[in-house]
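Residue-level listing of the chains:
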Amino acid sequence: MKWKNRLRNLFMCLILICLTGCGKQDDVITELSYVGNAYELRYDYFDSEKTYQFELKAGDVLKIDTECTQGSIDIRIVNLDNEEIYHNELLASLSEDVTIETAGRYIAVLTGKETAGGVHIYVKGDT
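Everything quoted here is computed from the prediction, not taken from an experiment.

Novice: Before we move on, could you go through the nonpolar core and cite the residues and values that matter?
Specialist: By size, the foremost hydrophobic cluster in this structure holds 22 residues, and its most contacted members are Phe54, Leu62, Ile73, Ile75, Leu110 and Ile121. Those elements that provide at least two residues to this core are strand E2 (38–46), strand E3 (49–56), strand E4 (61–79), strand E5 (84–90) and strand E7 (104–123). Among the elements that take part in this core, E7 stands out by supplying six residues, more than any other. Beyond its immediate stretch of four places on either side in the chain, Ile73 contacts Tyr43, Phe46, Cys68, Asn88, Glu89, Leu90, Leu110, Thr111, Gly112, Thr115 and Val119.

Novice: Please set out unusual backbone geometry residue by residue, giving values where relevant.
Specialist: In this structure, Asn82 takes a positive phi of about 65° despite not being glycine. Take Asn82: it is sitting in the loop between E4 and E5. Using a relative accessible area of 51% as the deciding quantity, one classes Asn82 as exposed. Backbone geometry places Glu114, a non-glycine residue, at a positive phi of 50°.

Cut-offs applied
Starting from 1, residues in each chain are numbered consecutively following that chain's sequence as written. Totals for whole chains, interfaces and linings use all residues, but because this is a predicted model, local features are given only for residues with pLDDT of at least 70 and pairs of side-chain atoms are given and counted only at 80 or more. The basis for every side-chain value is the complete set of heavy atoms in the structure, and neither hydrogens nor water enter the calculation. What we call a nonpolar core is a set of buried Ala, Val, Leu, Ile, Met, Phe, Trp, Tyr and Cys residues that are connected through their side-chain atoms within 4.5 Å. Only protein chains enter the accessibility calculation, which uses a 1.4 Å probe; a residue whose area is less than 20% of its type maximum is buried, one above 50% is exposed, and one in between is partly exposed. A run of DSSP states H or I qualifies as a helix once it reaches four residues; a run of E qualifies as a strand once it reaches two. Both are numbered from the N-terminal end. Only heavy atoms matter for contacts: two residues are in contact if any of them lie within 4.5 Å across the pair.

In structure tokens:
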């Protein structure tokens, strides 16, 4: 009878080890820099969300450069009322310009989905 209890306990421990060891992989960020209206994020693995705020003037051109070598990255630019001025879910590398019509504070929302690569967002002419 004792050996059955020990075997059951061993089996439960093995299940517990498997369940705790099979969690979500942590993000592997290789570079994160932001100065004023420039934000750069490089990653070997990114499966979460990051945000960055920009203070922009009417007529500013926001440059969005991405490199996506696996997975996908969802990029949204919203104002403080959460109104979307840009949205793109990328499966490949891309370079786009977004012209700002109204001065104010904007938020870049980056959502990685098991992706690798990088994102560089900046005001054209500032860098």
